[in-house]
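Report on the structure
Below are the chains, spelled out letter by letter.
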Amino acid sequence: MATHFSHPQRRPPLLRQAIKIRRRRAKDLQDPPPQTTQEVEPPSHHFSPEERNLLYEEALYTVLHRLGQPEPNHVKEASELLRYLREAFQVQPAEHQQLLQHVRELEKPVFCLKATVKQAKGILGKDVSGFSDPYCLLGIEQGVGMPEGSPVSRRRQKAVVRHTIPEEQTHRTQVISQTLNPVWDETFILEFEDITNASFHLDMWDLDTVESVRQKLGELTDLHGLRRIFKEARKDKGQDDFLGNVVLRLQDLHCREDQWYPLEPCTETYPDRGQCHLQFQFIHKRRATVASRSQPSYTVHLHLLQQLVSHEVTQHQAGNTSWDASLSPQATTILFLHATQKDLSDFHQSMAQWLAYSRLYQSLEFPSNCLLHPITSMEYQWIRGRLKAEQQEELASSFTSLLAYGLSLIRKFRSVFPLSVSDSPARLQSLLRVLVQMCKMKAFRELCPDNDPLPQLVSEALRAGTVEWFHLKQQQHQSVVQGMLEAGKALLSLVQDVMGDLHQCRRTWNKIFHNVLKIDLFSMAFQELQWLVAKRVQGHTEAVGSSMSPEMGESLFQLYVCLKEFCQLGPVPSDSDGVMALDGFHLWFQPAIPSWLQKTYSVALERVQRAVQMDSLVPLGELTKHSTSAVDLSTCFAQISHTARQLDWPDPEVAFMITVKFVEDTCRLALVYCSLIKARARELSKGQKDQSQAANMLCVVVNDMEQLRLVIGKLPTQLAWEALEQRVGAVLEQGQLHNTLHAQLQGALAGLNHEIRTGVRTLAEQLEVGIATRIQKLMGVKESVLPEDAIVPLLKFLEVKLCYMNTNLVQENFSSLLTLLWTHTLKVLAEAAVSQRSSSLASSRLKVALQNLEICFHAEGCGLPPEALHTATFKALQKDLELQAASSRELIQKYFRSRIQQQAETSSEQLGAVTIKASYRASEQKLRVELLSASSLLPLDSNGSSDPFVQLTLEPRHEFPELAPRETQKHKKDLHPLFDETFEFLVPAEPCRKDGACLLLTVLDHDTLGADDLEGEAFLPLCRVPGLTDCEEPGEVPQIRLPLTYPVLIGDPILQLLESRKGDREAQAFVKLRRQRAKQAFQHTPR
């Protein structure tokens, strides 16, 4: 039995062995050289020639003295195992034969069968109580070589141990009282000489002690017990009862067996006698090899395992494959045979596997997850007391060595596990899990109690590795530095490498370390690197100073932008982080701001000049109507905005001044571009005979300016004015930002709008002449030509020109051009309408022209919108042409229509009123009018009264030519006459329903000596008379009260138009009557 050992001498903690790092204080910017860490030297897996020969002898001895049937997955042929050993040990054939002969000449070991009687179940109950007191006799019978199944073999199988095996070679288990399922778990070592003629025998007996009849009757429980009493009475006192036996030929057993075997009877009385659980193992004693005689079995097995695993790993590496911890069948067979023959426990095998794998892992490349199985096996079987002191020391040393080696790999994980290799993250994660599982082991905690927690060790290793990696990168970049400019470039490359590393930490590595060890690698690496970066950047900016070349300024700008990205990459700072080394880093770069701004403007100006010089003023395509310079200018301005966003100066006041400068430069570039692009157009059009080519270029120039206007309008968004206004609110006066930036922007936009309007105005002037000419020609077309045909030349001209302009101008400029042309066209049409006022034919042509021009300029929604077309000028012209184009009779109808409208809108009875009833009987085609009364008439006579009568006419006269006017009786001196007279007009319904058809009631004051005076007029629209509004005969006819009105004396456009038609007698007669009535009304209009 292994004995406890005293605690070994206390070792220093692994933290002080493997990693020595001095942490800087948060406020200290000093940068001492990196601490050098002690490299972990991995233990060698190679053996000396002498050790190798002894180990080879041991392996050969194991194969040559193999016992038992081979396992299912093991190699059966010894020659194959010997060939494998020769390859694994790299032994030459001659040397192999020599060593093999030597091993064959060695003394054979003592062959033993290690038999363990575990338990039995379902055995017979031989006692009166129904139970038995079982025990087993076992041993090995030598010199029995009968074939299985022969009669002699069956007789030997039924023979008991005490009859076949000498007593000194017979072993006996303990007696288990009163049970049918005994448990012994006893192990016996049984020696034998020749496995081919040896067999294992086990007899199970029930111990029978001498008892009185009274005692047996007291244990009686059933009739079967009474039968047993009678049976025992017939046998000798104290004779044990046979329960069954197991007989096995050794040559049929495997090297290890663990089975339940049926208990065989001597007779067929009770064939089912239960089962016995047995374990067998063939082992050796007194092996003749030097290694077995001089070294512990565990050590020899460890060395053999180490040699074979090393060979397996090397073979996989030679085939460019990774070893997956699975041994070949040859290696598995040899190691199994050796462990079995040496009788190594499962724990010692797992421990040997751990030691071999952990040592080989430090020198050979194979997956670390191969170490998880031995860790689990040892943890499950760990009992500290079973190990000797030197074994405990060896195991503790393996823990310490692997932990130190693992930490060294973690410290250099960037180079050991490069992301260029796809399985690197998985290999690192596997290593961390192995270390975690190892540190959780009871064996590790008991044997290495002084080690710091694994997360702390890993954190320190990561910090040290980060610093070492940074200094290594710095050395790589500084190797080619020869001046300040190259130093800046090297520093920029270094910072970019640092950012790349941090990106990798955040995307890949941080998840691994956090999931396994709850370590925030990204935050840790950022904290370490930001101090190192800050020190070098600050030193570089101080060395550059305030005076710098444009190249140096550009280098500093790139470095500044890179540092901003570096700070944005970092985690959200907390109070525990203290002062950050890069806080306020922008102040280091403030002297370079003027250089940056000047460089930005200079580069932009050069790009603008180069873009215009290379521009041929040709549209880029059907949908893109501006030229290449506009695209380059948009890109140029976008780059300026991008530079402003990159700069993003933290100080609000300085940020405001920078934005002002950017806006000022952008607006200046816009105006410069306008001048350059116009000059470019003049240069290209010089000497051009084709005017259309010049027009094309002018269209492109206008489109380029419109594109520039759109780009300039986006400055507030691109430069984030709203956010800037919130930032500078505390340092600037209210409205200062708006007054400054917006004033600059509005000034630039005003200049651009003026340039665009000028260009569009020039294009419009080229078309206005053609429009005016064709409108004038419209007046001279023969009378026989219809108005729709007369305007065809004008419409074709506009269709061609506007289609051309629409193709070459962007929508905004085309709309502006249409607006100018529409205004000009209305002006020309209005002038023509005035000149052709007396000609209805010419006016009709102008009316049709206006209607078609409206459709043309609207272009089904693609041109001007209705609100832009229907201006006050358009509405007035439309109304005038509507009248001028009408015939005299149509004008007369319009006149009465307007008087009916005036009648409807009049509610005042200042001139008096008449009351009538009117109806129409369609069956008789009669219009019946009852004139009831008049009231509140004006006194027109000198006596203060009037002599009123009413004249009834159907108007207009040309619709009712055969109907003469009717009159009522004259009433003397009556301002409220009651006429009560009825008049009937024989008239068809159709003319009565026409628009403007009305009953004119003219109230006159009769004068005996002169002309009658006008009291007023009333108009009743015939379309509203009952009987005319529907087809039914009128029933009860309502009274209608109509206020009297006066005609307009002057300014009536219809009368003026009719008056201008001198050759039209009907028009002149109508105008004369109306003028007479108006004159009468003017004489008596109430003042």
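Let me begin by describing the structure that accompanies this report. Values in this document were obtained by computation on a predicted structure and should not be read as measured data.

**Observations concerning the packing of helix α19 (residues 484–517) against helix α20 (residues 521–544)**
- Direction vectors running N to C along α19 and α20 enclose 170°, while the axes themselves pass 10 Å from each other. For the element pair α19 / α20, the angle class is roughly antiparallel.

**Regarding the environment of S634**
- Relative to the assigned elements, S634 resides in helix α23 (residues 628–647).
- Spatially, the C-alpha atom of S634 lies 9.9 Å from that of V608, the residues being 26 residues apart in sequence.
- Discounting chain neighbours no more than four positions away, the residues touching S634 are Q707 and V711.

**A closer look at the pattern of salt bridges**
- Under the criterion given, the structure shown has 36 salt bridges.
- Here K285 and E191 are joined by a salt bridge, their closest N and O atoms 3.7 Å apart. One end of the pair, K285, is in strand β8 (residues 275–285); the other, E191, is in strand β4 (residues 183–192), with 94 residues separating them in the sequence.
- Overall, the relative accessible area of 31% leaves K285 in the partly exposed class.
- Relative accessible area serves as the criterion here: at 44%, E191 is assigned to the partly exposed category.

**Focus on the packing of aromatic side chains**
- All chains considered together, the criterion is met by 28 aromatic pairs.
- Between Y56 and F89, the aromatic rings sit 5.0 Å apart at their centres with planes inclined by 55°, giving tilted as the arrangement. Note that Y56 is positioned in helix α2 (residues 49–64) and F89 in the loop between α3 (78–88) and α4 (93–105), a separation of 33 residues in sequence.
- In this structure an aromatic cluster arises from ring pairing among F557, Y560, F585, F589, W596 and W649.
- Over the face of the ring belonging to Y601 we find R668, whose NZ or CZ atom lies 4.6 Å from the ring centre.

**Quick word on the sheet that holds strand β9 (residues 913–921)**
- The four strands are arranged β13-β10-β9-β16 in an open sheet whose pairing can be described as antiparallel. Both edges of this open sheet fall to β13 (978–986) and β16 (1040–1043), since each of them pairs with a single strand only. Looking at each pair of strands side by side, their axes are set apart by 25° on average, direction ignored.
- Both β9 and β16 contribute to a ladder of four bridges, which runs antiparallel.

**Considering the sheet that holds strand β12 (residues 966–967)**
- Pairing is antiparallel in the open sheet, where four strands are placed in the order β12-β11-β14-β15. Strand pairing shows two members of the sheet lacking a second neighbour, β12 and β15 (1013–1021), which therefore form its edges.
- Bridge analysis of strand β11 (residues 948–955) against β12 gives two bridges, and the strand direction is antiparallel. Residue Q951 lies in a different strand from β12, and its bridge partner there is E967.
- The strands that helix α35 (residues 888–905) touches are β11, β14 (998–1005) and β15; relative to β15, the one it contacts most, it runs at about 95°.
- Relative to β15, helix α38 (residues 1065–1083) is tilted by about 125°, and along the sheet it contacts β11, β14 and β15.

Quick notes on the rules
Residues numbered from 1 in each chain as written. Predicted model: local features only at pLDDT ≥ 70, side-chain atom pairs only at ≥ 80, totals over all residues. Heavy atoms only, no water. Axes fitted to C-alpha atoms, helices over the stretch in contact; angles between N-to-C directions. Helix = DSSP H or I, 4+ residues; strand = E, 2+ residues; numbered from the N terminus. Parallel < 35°, antiparallel > 145°, perpendicular 65-115°, else oblique. Contact = heavy atoms within 4.5 Å. Salt bridge = Lys/Arg side-chain N within 4 Å of Asp/Glu carboxyl O. Buried < 20%, exposed > 50% of the residue type's maximum accessible area, 1.4 Å probe, protein only. Phe/Tyr/Trp six-rings, centres within 6.5 Å; stacked < 30°, edge-to-face > 60°. Lys NZ or Arg CZ within 6 Å of the ring centre and 35° of its normal. Pairing = 2+ DSSP bridges.

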